[in-house]
Amino acid sequence: MASTYLPDKRSAPDTDRPAPAPAAVGRTGRRVLHWLTAVGFQVPALVLFGTLVLLPMLFALYAAFFRWGGFGMPEDFIGGDNFTRLFQDPVFLGDLWRCLVLVGLSLLLQLPFALALAVALNQRIRGRAVYRMLFFAPYILSEAITGVLFSMIFAPDDGLADQLLGAVGLDGLGGQWFADPSTVMATLFLVMTWKYFGFHMMLYLAGLQSIPAELTEAALIDGAGPWQRFRNVTLPLLAPTLRISVFLSVIGSIQLFDLVWIVTAGGPDHHSETMAVTMFQYGFKRYQVGYASAISVVMFGISLVFALAYQRFVLRRDLEGATTTMRGGGS
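Let me begin by describing the structure that accompanies this report. (Residues numbered from 1 in each chain as written. Predicted model: local features only at pLDDT ≥ 70, side-chain atom pairs only at ≥ 80, totals over all residues. Heavy atoms only, no water.)

### Remarks on the packing of aromatic side chains
Argument step 1. Counting across every chain of the model gives 25 aromatic pairs.
Argument step 2. Ring geometry for F257 against W261: centres 6.1 Å apart, planes inclined by 15°, an arrangement best described as stacked.
Argument step 3. Its relative accessible area of 23% is what places F257 among the partly exposed residues.
Argument step 4. Judged by its relative accessible area of 23%, W261 falls in the partly exposed class.
Argument step 5. Judged by centre distance (4.7 Å) and plane angle (80°), the ring pair of Y282 and Y291 falls under edge-to-face. Exposure class is identical for Y282 and Y291. Each is buried.
Argument step 6. A connected cluster of aromatic rings, assembled from ring pairs, spans F59, Y62, F66, W68 and F77.
Argument step 7. The aromatic ring of Y282 is capped on one face by R286, whose charged end is 4.4 Å from the ring centroid.
Argument step 8. Over the face of the ring belonging to F313 we find R312, whose NZ or CZ atom lies 5.4 Å from the ring centre. (Phe/Tyr/Trp six-rings, centres within 6.5 Å; stacked < 30°, edge-to-face > 60°. Buried < 20%, exposed > 50% of the residue type's maximum accessible area, 1.4 Å probe, protein only. Lys NZ or Arg CZ within 6 Å of the ring centre and 35° of its normal.)

Here it is, written out as structure tokens:
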């Protein structure tokens, strides 16, 4: 009887083992590719941010603890003397006071003026597109052009402002607009308002146009007057836009530099100087870079504390609403 060959199962290849699923391998490859693509797009931005923003900030913090003229590396370590000097400097304390004055004037005058214009230009009036363009045009101009323009307008005696006042018999109201300590801040704020109110006006217009017309029409049917409709319908729905506008206005007042530098350079006798102008004066005119770095650190600290507090106590509801909307849209 012939013997039957039975293959040894121990040495035979395992043909029952399942092969990797092509779909699973494909999904893993796509995930790796997406991750590498995301990293590839983020690395250049992170390198630029670290080189041009983060490293200078850290070096400014480091230099603030030295007496340094800006040449070579800081070596004369003086600890916190620059910060002690800072809060004993009447010029810097005056800068803080003028910053508060600009913030208060912006919140009390500039933003309400922009809101009133936005409400007016949101109505169906003839030529409103032209008015919007005209009111927004100053914001498009650079600070350099604005500064030179108003330096000419408010030039003593020969400026357009003095000539107009003289033409209507009000010569006594003219004079040293930017050269008089009693009028320089008011004149500077007038220039700031002309320059920046159009930006806030456009923000408010965008917010007003996002309010459903049905709500205003329902309030009108219920007998609400114009002021009641504005107070009870328009203003609450516009509140998120108002909060963002206030935030931008305050931060802009804290960091104001270019317009002041071009128009007055902080004069006369420091009466229009801001923290940024003082920092520039010490850093690039007097070569006290360590002290100027301390001013920049304090400016950054003030802005950071305000931003965090504002986000925590004012923008909290807006941020929570945005997070809830994003989560709801993704579910």
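Still more ground to cover, so stick around.
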